[in-house]
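One-letter residues, chain by chain:
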Amino acid sequence: EPKEHLIQAVVEDVGRGLAVQVMTETRRTLDNGGMKRLDGKGYRKPGGVFLTLLRKHVTADNYKQLMKDSRKRQQDHRRAMVRKVEVEALERIGAPAPMFDTVGKATAAAAAAAAAA
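Now for a look at the structure at hand. Keep in mind the model is a prediction, meaning the values are calculated, not measured.

Things to note about the overall build of the chain
(1) Moving on: Helix and strand content of the chain: five helices and zero strands.
(2) Moving on: When the helices and strands of the chain are listed from N to C terminus, the series reads α-α-α-α-α.
(3) Moving on: Of the contacts formed within the chain by residues at least 6 apart in sequence, a portion of 44% connects residues at least 24 apart.
(4) Moving on: Here the chain has roughly 8700 Å² of accessible surface; of this, 55% comes from carbon and sulfur atoms.

Written as structure tokens, this is what we have:
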């Protein structure tokens, strides 16, 4: 599952017992032919089956919060990767890295420079 952090968050949130129960249901579903996607154009991947079955066991609010947290983590990760690529590109051309990131927070380099001063 590409969203390994989401599965980990599910286990932490709902507990290992329920996660194992849903995983068992997922395997059983996949062994019995899988689960069609809502658009009817194929079958869900194992992670999709797991999350679909999970919805039956948790409250709607709990499920929404898990998805919201997952999107936030993905956005944070994506921003960090973009930042890393930008800094590496600046280093290749010999330019100094910016002292602030894209949201105005001091970078680690800026914090280290301030501490040394």
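Structure's up, so let's keep going.
Regarding helix α2 (residues 16–31)
(1) Moving on: The end-to-end C-alpha distance of α2 is 22 Å, a good match for the 22 Å that 16 residues give at a rise of 1.5 Å each.
(2) Moving on: Taken residue by residue, α2 has L18, A19, V22, E25, T26 and T29 as its buried positions. Down the axis, α2 shows its buried residues gathered within 125° of arc, on one side only. Facing away from the buried side of α2 by over 90 degrees, the exposed positions are R16, G17, R27 and D31.
(3) Moving on: On its buried face, α2 sits against α1 (4–14) and α3 (46–54).
(4) Moving on: Following α2 by one or two positions, G33 adopts a phi angle in the positive range, close to 110°.

A closer look at the nonpolar core
(1) Moving on: V10, L51 and L54 are the most contacted members of the largest nonpolar core, which totals 15 residues.
(2) Moving on: At the level of secondary structure, the elements contributing two or more residues to this core comprise α1, α2, α3 and α4 (60–92).
(3) Moving on: It is α3 that provides the largest number of residues to this core, a total of five residues.
(4) Moving on: Once residues within four sequence positions are removed from consideration, L54 is found in contact with V10, V14, V22, Y63 and L66.

Considering the packing of α1 against α4
(1) Moving on: One can describe the packing of α1 onto α4 by two numbers: an axis separation of 10 Å at closest approach and a directional angle of 145°. Crossing angle aside, the handedness with which α1 passes α4 is right-handed. Here H5, L6, A9, V10, D13 and V14 of α1 lie close against α4, whose contacting residues are N62, L66, M67, S70, R73 and Q74.
(2) Moving on: A per-class count over the contact of α1 with α4 returns six nonpolar, four polar and two charged.

How each quantity is defined
Residues numbered from 1 in each chain as written. Predicted model: local features only at pLDDT ≥ 70, side-chain atom pairs only at ≥ 80, totals over all residues. Heavy atoms only, no water. Helix = DSSP H or I, 4+ residues; strand = E, 2+ residues; numbered from the N terminus. Contact = heavy atoms within 4.5 Å. Areas by Shrake-Rupley, 256 points an atom, 1.4 Å probe, with all protein chains shown as cover. Expected span 1.5 Å × (residues − 1). Buried < 20%, exposed > 50% of the residue type's maximum accessible area, 1.4 Å probe, protein only. Arc of directions from axis to C-beta. Core = buried A, V, L, I, M, F, W, Y, C linked by side-chain atoms within 4.5 Å. Axes fitted to C-alpha atoms, helices over the stretch in contact; angles between N-to-C directions. Left-handed = near helix turned anticlockwise from the far one by under 90°. Nonpolar A, V, L, I, M, F, W, Y, C, P; charged D, E, K, R; others polar.

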